[in-house]
Amino acid sequence: MSLSERKHQMMQCIRCSACKWVTTPRISGWDFATGCPSMEYGEFHSYSGGGKTIMAAALEDGQIGYTDEMLEAVFTCSMCGSCQISCNLNYGGNVEPMENMRELRSRAVEDGQSDPAHMMLIDYLKREDNIFGKPKADRSKWAEGLDIKDALEEKTEVYLHVGCHFSYDEEQWPVIRAAAKILQAAGVDFGFAKKEEICCGGRAYEMGYQQELKNYSESLTGRLKDAGSKILLTCCSDCNGTFKQLYPQAADCNLDIEVLHITEYIERLIGKGKIKFTREVPLQVTFHDPCHLGRLGEPLKAWKGEIKMAEDPRMYVTDPVREVNFGNKGVYDSPRNILQAIPGVTLTEMPRIREWTYCCGSGGGAKEAFPDFALTTGRERLREAHSTGAQALVTACPWCERNFKDAAAESGDAMVVYDIMELVLQAMEKTG
Amino acid sequence: MALSRDAYKALQAVVGSKYVSEDPGTLAGYHYSWGGPNGRWQPFVPLAVVLPEDTSQVQGVVRVCNRYKLRFKAHSTGFCSLAFPGVEDTIMVDLRRMNRIVEIDEKNMFAVIEPYAIAAQIQAEAMKRGLDCHIVSAGPTHSPLASATSVWGIGSKGLSQSWNERNLFGVEWVLPTGEVARLGSPGVGAGWFSGDGPGPGLRGIVRGTNGAYGGNGIFTRIGLKLYPWVGDERMECTGSQPQIGLKIPERMHFSLPYWKNWEDMTAAAYKIVDNNVAFSVLRVPPDCMNWMLTSTNDEYQEAFHKGSVPIDREEHLHAWQAIIAGHSEREFEYRKKVFEQIVKDTGGKFLQLTVEQNEILFAANVRISYIPRVFRPTGDFSTSFGMEESINLMGKLHRTGENLLGKYIGPGKLPDHGREGFWAWLNEGRSLHSENAFAVTEEPGVQAANMAYVMESCRVTNSEALGVQILPGYMGIFADSLGPANFNANEWMRKVKYEVVDPDNVADHFTYIFPEPVVLMPTE
Amino acid sequence: MAKENLAMIVGKDQVSDAEQILSAYGSDESFVSPGLPAYVVKVKTAQQVQQIINYAKEKRMPVIPVSSPGGPRLRGDTIASQGGMILDLSGMDRILNVDRMDKIAVIEPGVTFDQLEQALRQKGLRAFKPLLPRRTKSVLASYLEREPVVVPRDHWDAIDPLVTMEVIFGTGDLFRTGSASSPPADLQKQLDAGLRQCFAAGPGSTSLSRVVQGSQGTMGVVTWGSVICGILPEIDNTWFLTAATPEPLIDLSYQLSRRRLGEEHFLVNAFQFATMMADKGEIAALAEKLPAWILTVKLTAGGMLPEEQMAYQEKDLRELAQARGVELKSAVMGISGKALAELLDNPPEEFYKMKHRGAFQDIFFTTTLDKTPGHVAVMEEVVRHHYPSNEIGIYLQPMVQGSSCHCEFNLAYDPTDRAKTSNLKALYLDAGAKLAGNEAFFSRPYGPWADLVYGKNGEATALLKRVKKMLDPEGILNPGRLCF
Ligand SMILES: Cc1cc2nc3c(=O)[nH]c(=O)nc-3n(C[C@H](O)[C@H](O)[C@H](O)COP(=O)(O)OP(=O)(O)OC[C@H]3O[C@@H](n4cnc5c(N)ncnc54)[C@H](O)[C@@H]3O)c2cc1C
Ligand code: SF4
Ligand code: SF4
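Caption draft 1: Seen up close, the arrangement of the chains. Ranking by contact count across two pairs of chains in contact places chains B and C at the top. With no contact formed, the shortest span from any C-alpha in chain A to any C-alpha in chain C equals 22 Å.

Caption draft 2: Here's a closer look at the interface of chain C and chain B. Listed as interface residues are 95 residues of chain C and, on the opposing side, 93 residues of chain B. Both sides together, the interface formed by chain C and chain B hides about 7700 Å², and carbon and sulfur atoms give 59% of it. A salt bridge links Arg100(C) to Asp274(B); its shortest N-O distance comes to 3.1 Å. Elements that contribute at least two residues to the side of chain C that touches chain B include exactly strand S9 (174-176), helix H7 (208-212), strand S10 (220-231), helix H8 (246-259), helix H11 (306-323), strand S17 (359-367), helix H15 (449-454) and helix H16 (458-471) of chain C. At nine residues, the largest contribution of residues to the side of chain C that touches chain B is made by H16(C). Here the side of chain C that touches chain B is composed, by residue class, of 43 nonpolar, 28 polar and 24 charged.

Caption draft 3: Up close: the pattern of salt bridges. The tally for this structure, following the rule as stated, stands at 101 salt bridges over all chains. Through salt bridges that share partners, Glu165(B), Arg166(B), Asp196(B), Arg203(B), Glu428(B), Asp157(C), Asp160(C) and Arg210(C) make up one connected network.

Caption draft 4: Spotlight on unusual backbone geometry. Going from Gly197(B) to Pro198(B), the amide bond is cis rather than trans, its omega being 0 degrees. With respect to the secondary-structure elements, Pro198(B) resides in the loop between strand S9 (180-183) and helix H7 (203-206). In this model, Gly71(C) is joined to Pro72(C) through a cis peptide bond whose omega is -5 degrees. You can see Pro72(C) is positioned in the loop between strand S3 (63-66) and strand S4 (85-88). With a phi close to 55 degrees, Met109(B) is a non-glycine residue in the positive phi region. Topologically, Met109(B) is positioned in the loop between strand S5 (101-105) and strand S6 (110-113). The backbone of Arg146(C) shows a phi angle near 55 degrees, a positive value even though the residue is not glycine.

Caption draft 5: Layout of the environment of Tyr265(A). Here Tyr265(A) lies in helix H13 (residues 262-271). Note: C-alpha distance between Tyr265(A) and Ser334(A) (69 residues apart in sequence) is 8.5 Å.

Caption draft 6: Spatial organisation of a negative patch on the surface. Residues Asp232(B), Glu233(B), Glu236(B), Glu250(B), Glu329(B), Glu333(B) and Glu340(B) make up a contiguous surface patch of negative charge. By the secondary structure assignment, Glu236(B) is in the loop between strand S11 (227-228) and strand S12 (237-240).

Caption draft 7: Up close: the site of ligand 1. Residue and element names in this part refer to chain B. Near ligand 1 there are 33 residues, and of these Ala 74, Ser 76, Thr 77, Ser 137 and Gly 153 occur at the shortest range. One of the side-chain N or O atoms of Lys 73 is found 3.4 Å from an oxygen atom in ligand 1. Leu 82 places a main-chain nitrogen or oxygen 2.8 Å from an oxygen atom of ligand 1. The fraction of the free accessible surface of ligand 1 (920 Å²) that becomes covered by protein chains is 99%. Broken down by secondary-structure element, the contributors of at least two residues to the shell around ligand 1 are strand S3 (71-75), helix H5 (144-150), strand S10 (218-225) and helix H13 (370-378). For the shell around ligand 1, the element with the most residues is H5, which contributes four residues. Class assignment of the residues belonging to the shell around ligand 1 gives a composition of 20 nonpolar, twelve polar and one charged.

Caption draft 8: Representation of the nonpolar core within the structure. Counting 185 residues, the largest nonpolar core has Trp173(B), Ile205(B), Leu241(C), Phe273(C), Ile363(C), Phe409(C) and Leu435(C) as the members making the most contacts within it. At seven residues, the largest contribution of residues to this core is made by helix H17 (residues 489-501) of chain B. Among all residues touching Phe273(C), those that are not within four sequence positions of it are Phe240(C), Val268(C), Leu290(C), Ile294(C), Val332(C), Ile335(C) and Leu340(C).

Caption draft 9: Structural context of the domain arrangement of chain B. All names here are of chain B. One can read the domain layout of chain B as domain 1 (1-229 + 475-524), domain 2 (237-374) and domain 3 (381-474). Taken together, the contact pairs 16 residues of domain 1 with 15 residues of domain 2. With both sides pooled, the region where domain 1 packs onto domain 2 buries about 1300 Å², and carbon together with sulfur makes up 69% of that total. It is Ser 156, Leu 159 and Trp 229 that lose the most area in domain 1 upon contact with domain 2, and together they represent 41% of the buried surface on that side. One can count zero salt bridges joining domain 1 with domain 2. Linking domain 1 with domain 2 are four residue pairs in polar contact (both at pLDDT 80 or more), by the criterion used here. Listing elements by their share of the side of domain 1 that touches domain 2, those giving two or more residues are helix H4 (119-127) and helix H6 (158-161). Across the side of domain 1 that touches domain 2, the residue classes break down as eight nonpolar, six polar and two charged.

Caption draft 10: Here's a closer look at the interface of chain B and chain A. With 69 residues of chain B at the interface, the matching set in chain A holds 60 residues. Carbon and sulfur atoms make up 56% of the surface buried where chain B meets chain A, a total of about 5500 Å² over both sides. Three residues, Tyr32(B), Arg96(B) and Gln241(B), lead the burial of chain B against chain A; their summed loss comes to 13% of the area buried on that side. On the surface where chain B and chain A come into contact, there are three salt bridges. Ionic pairing is found between Arg96(B) and Glu40(A), a salt bridge with its closest N-O pair at 3.4 Å. At the boundary of chain B with chain A, the tally comes to 35 residue pairs in polar contact (both at pLDDT 80 or more). Looking at the side of chain B that touches chain A, the elements that each hand over two or more residues are strand S1 (20-21), helix H2 (24-28), H4, S12, helix H10 (297-306) and H13 of chain B. Of the residues contributing to the side of chain B that touches chain A, the split by class is 28 nonpolar, 23 polar and 18 charged.

Caption draft 11: Representation of the sheet that holds S3(B) in the model. Residues and elements named next belong to chain B. Read across the open sheet, the four strands follow the order S1-S2-S4-S3; overall the sheet is mixed. The strands lining the two open edges of the sheet, one partner per strand, are S1 and S3. Judged from the five bridges that link them, S3 and strand S4 (residues 90-94) form a sheet pairing that is parallel. For Lys 73, the partnering residue across the bridge sits in S4 and is Met 92.

Caption draft 12: Expanded view of the side chain of Arg207(B). Residue position: Arg207(B) is located in the loop between H7 and S10. Lacking a salt bridge, the buried Arg207(B) has Glu165(B) as its closest oppositely charged neighbour, with an N-O distance of 5.2 Å. A polar atom in the side chain of Arg207(B) sits 2.7 Å from the backbone oxygen of Trp152(B). At 2.9 Å, the side chain of Arg207(B) and the backbone oxygen of Thr209(B) are in polar contact. Excluding residues within four positions of it along the chain, Arg207(B) makes contact with Ser147(B), Ala148(B), Thr149(B), Val151(B), Trp152(B), Trp163(B), Asn164(B), Glu165(B), Ser205(C), Thr206(C) and Ser207(C).

Caption draft 13: Summary view of the packing of helix H9 (residues 270-277) of chain C against helix H12 (residues 337-345) of chain C. Residue and element names in this part refer to chain C. Between H9 and H12, whose axes approach to 11 Å, the crossing angle comes to 65 degrees. What the angle tells us is that H9 and H12 run roughly perpendicular. You can see that H9 and H12 cross each other, and the crossing is left-handed. Residues Phe 273, Met 276 and Met 277 of H9 pack against Ala 339, Leu 340 and Leu 343 of H12. Each residue belonging to the contact of H9 with H12 can be placed in one class, and the counts come to six nonpolar, no polar and no charged.

Conventions adopted
Residues numbered from 1 in each chain as written. Chains lettered and ligands numbered in written order. Predicted model: local features only at pLDDT ≥ 70, side-chain atom pairs only at ≥ 80, totals over all residues. Heavy atoms only, no water. Contact = heavy atoms within 4.5 Å. Buried area = accessible area lost by both parts, 1.4 Å probe. Salt bridge = Lys/Arg side-chain N within 4 Å of Asp/Glu carboxyl O. Helix = DSSP H or I, 4+ residues; strand = E, 2+ residues; numbered from the N terminus. Nonpolar A, V, L, I, M, F, W, Y, C, P; charged D, E, K, R; others polar. Patch = residues over 30% accessible without salt bridge, like charges linked within 9 Å, V, L, I, M, F, W, Y side chains within 5 Å. Areas by Shrake-Rupley, 256 points an atom, 1.4 Å probe, with all protein chains shown as cover. Lys, Arg positive; Asp, Glu negative; His and termini not counted. Charge placed at Lys NZ, Arg CZ, Asp CG, Glu CD. Near = heavy atom within 4 Å. Polar contact = N/O pair within 3.5 Å; in protein donor to acceptor, adjacent residues only side chain to side chain. Core = buried A, V, L, I, M, F, W, Y, C linked by side-chain atoms within 4.5 Å. Buried < 20%, exposed > 50% of the residue type's maximum accessible area, 1.4 Å probe, protein only. Domains from an automatic or database assignment. Pairing = 2+ DSSP bridges. Axes fitted to C-alpha atoms, helices over the stretch in contact; angles between N-to-C directions. Parallel < 35°, antiparallel > 145°, perpendicular 65-115°, else oblique. Left-handed = near helix turned anticlockwise from the far one by under 90°.

Below, the structure is given as structure tokens:
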């Protein structure tokens, strides 16, 4: 749906500000009640999901044009979807602020108003199939010495999509290597596309470059067909969200393969007895639900239809009936079940979790365009982690981990940040 | 008019340059509102929006407005449909940075709050201390400070939590002249426990049944009365989004008794009050309950046509949703027993719902989430025929309202959601709050029918002697129509605004009282 | 000339300038300087009140409204400091309606507690009363003065038990507040239509009744008011909880407020209790023997299952007391709860505070209960060497459902002893200032307390003065009071 096609939904916004908060039944105190990092950073209403929806409507209506300030509000946003979940609580998908924001960004791109930092990323993407501008040739460097199959050459049961972040962030190589070792130890038949792996396109889409998503989804569909694997596995929550939600919904793409995040898969392997924990990891942890693993990883079907006024009783309905992104079907229990299975680990929850999680701050191209926003948001989440008394903040997404680590370093915060794979591997490895 | 550079700089000097904006995109969100007769875009775009951090900055902004002959309009969250500028040359004062719960005085049961501390936050903090915060139907995201000082403040837990005109304690008030008045005990530095005196209670010019919706200055801090809560310190959510319920705590009980007619339901109400057995009682139209019990309009439509909606428009028309609570097990058991006996004695029956449904409706009653969901069907709603008076008027009120609303329901007019839209509860057991809240669309025919209904309901309230009107209230354009029938209340409002509080009319008067009478329709 | 004009309005025999009648209003029990009115004018109707005010406005003649039919007058608020007339409303003493269902009555200003109580009892209702009001006290005047009632449970807001009113402002305008303002204007027709004047706020965006309340007659003259009442219980049991220090009882009182357990509920020290209960001359002796602090709680039951209701309440009360190590007693020093309850229902002829030494001064203010031990300490410090601290009567009355508290110190003295009197006057002023410095809120600023509070809060005071100008532009209503 283009911005023009979303006019009805945009004008359904009632400016209630629910999108600034976590879903209201979950508010458990004064602190940690807010849901929208953008709003916390920018303060004006225009920074909220509803505010951006209103700006989008005003733009569509010809009331306003682009200004630096307006674009700053549009792009200082991690596209985390908290607004959407809170809005949908009572309005059942009538407004869908994040959908409006996605279309607003796309319109900005069409109008040549993309964020300059984003333009650069897209430039990289076009050149090297990753937004970091790193050479394609280096994509599989992380796996050196690990003896992993090339999924494009050999048939494997599991097609691992590593994702750009793990592929190029050297500091995170231990995590992705840990994932690979875990799979190997569990005897999983897997491979990845080595140097030929390409971006999932999700980040580009969220920055407003919708065609990139379509292009990458088509490429991946073709590759998967050729590879003939049964499972598409990703260690990156961002890719998880892209495959499960964006491809069907926004790229009209059905991958025709079971898509799993590594936490889901490991939970399965534990269940089958393929992974056994032999070592204590005495650690008090709290778990950060990555947006794209949870609410934005909720599988949603493509919908083409109309919103119309039912006559009796009068109310807006969708035809055919459309699924609403309530966030319930995200991956929430798998990482928790894994953590609970690791001997010695105690999990204490933060106030904002599951579908009402608070974003790390790095999504949607925000970290690249507005690093201070990302760090501020990351610090807020670290503060929340501290409130639980945890020694470590565990997550399951390289983007989140990177941002938390940066935020902690920048503010001298001693909180240790782990990817869940690191703990799993620690618990599997024999002592000494 | 554009904002002069001098004025702009003066605002920047007060709040810091980051917190002033005159960007059209930013301003868009400050002249957009639901509930307007002309759709969402309201005609006056503010010249700028400012985000003050504290009372002295608010005062500074007001002084700048005085100096440069600008108007101002404050809002707390902006949810209320009257939070936009009603006149030209307005500086919008968005109070969201003033968001603290300054204090919760657990023993003396009150909170000291700033404008942008929302109800859900205050309630959650209060519950940790065995207390609860009165929440109006706007629901968990509204500002109780705005409600108590500037709007209405009526909510369905009124039986045990009164309403916010009465829950207001000490008040800090930046007058449109730029003075800061502290009413009641905070005025002499004695704490926030009282808003009346020394001597006369100036709360009486802060507000009446209605507040001034920003037309009399900016309230920056208040003491708000809290009420005992026997439930858990932290309510446990049940179900899943969006059908989230609350686990019904020990010593609390939710039920839905219904009667054959208004008279029996009224008799039960009196007995409930006299025996002091209920924590809250609420009547909402059956359709609204069904909206609450379904997650989307699509789901509701399907259930409606299958006949599987749990609450029947006819059979369950005369129903209270009741919560019983006891501080001790003994008290709880006694109250439950008496309550059940009352229902029996008055010919009522209990509607059996599933545990999940009970929990959802319990949550809707405790957290007050009915009204936010009333937006779901059509994206807008309206309210009218709202008054406060004797419980004995319930039958007459509902019948009169139903007949009246009936005339405006139909194709091209108001949607038919059960031919009536009555919400009612008992305030302190001393009066009945009753209003007709119903979904509307932005279609011109619907809006015309809505306006006509609102006007006629005002007339009928007076001609049928149904009590003092709260809704649509005295806001702005209605004041001079309603006032003459109420001993010229409009003229006293005018004096308060222009002689006492705001002689230069610096605070936007649009939703309060115009300098000269504006008569929309005679209501006598 | 004025006398004739006034007589034209109210009738000749309703206007008096006889010295003997005037002098009854010239001074009172307070330290406020005496001042003789020129006339005492008795009115019967709102129309007369309106005409009088219009006349006084024209002549700029002070009007001091007085409702109670007799003295002793205590607070200096009805002294004609600037001459003018006493507007005596005590003849407007009709009870206009009592409604059992809505538990509300409509009364004129001359109605006394005795009178109201009698009418209510017939319908199974009871009045909310302050602690042992003098027999002649006007109900409306008491409520307008925000005298605390002894039933904090039903005192939701400062304006209670007052609900709506008919009032004539200093402008001469007749106004109705709250739901009494809604049509039809005629009260009887309102009642016939089922309206019960039971909603206090408004009309519109003002609640001017709040401004009239606490104004000591400076804003308007109330000609009737609706007042909420309680249900007459079928069973009642009055209990005493005693302790050597106030703290455990304060804690208990908070619990009672939270649970809304008990109707009458207040805390006094031994001397206050003795002053209320003992005969003249036996007060000090009784006080000696009593526990230092006594919390009185009256449990009531009625409705559908009165016995069960009483039983659970008593058990709950006992549990609360036990948890704080406080004993629950049905009598102290032979004085039963029943005796106290009876006294509360039927206050004595002689105003109890005068009993001990013939005169008294009371120092009272609003605070929160937890701060009262601090105020007591301040008071003890103030009286040191000047007044026997064991003869201060202390009365703590939770208000607004326990969210605030009326704190009162009673000091009795012999008015014929000039030295003691002047000592007490100095003490009275000193205590006011010191307590105000200790966060005591003199919310009802009689006499010298007005300067204490209005000087402190310039902007609210300026605002109040503008309100006064709006409602009484000529400044005729009770000039010299508050900050006007
Ligand atoms: C869906 C819905 C249902 C509602 N139902 C009820 C109901 O049943 N009962 C009821 O009592 N109310 C109801 N209301 C109104 C409700 O009282 C107000 O919306 C709410 O109490 C005020 O909080 P807010 O955050 O919405 O205020 P805002 O929208 O921020 O402001 C409300 C008004 O007060 C003014 N204002 C706000 N803050 C200040 C301030 N600090 N100083 C001066 N002026 C200020 C604004 O200018 C505006 O006119 C409803 C509102 C909505 C949106
Ligand atoms: S986007 Fe949704 S939640 Fe946000 S203001 Fe609009 S309607 Fe409310
Ligand atoms: S996507 Fe996240 S950051 Fe962006 S507006 Fe919504 S809640 Fe805020």
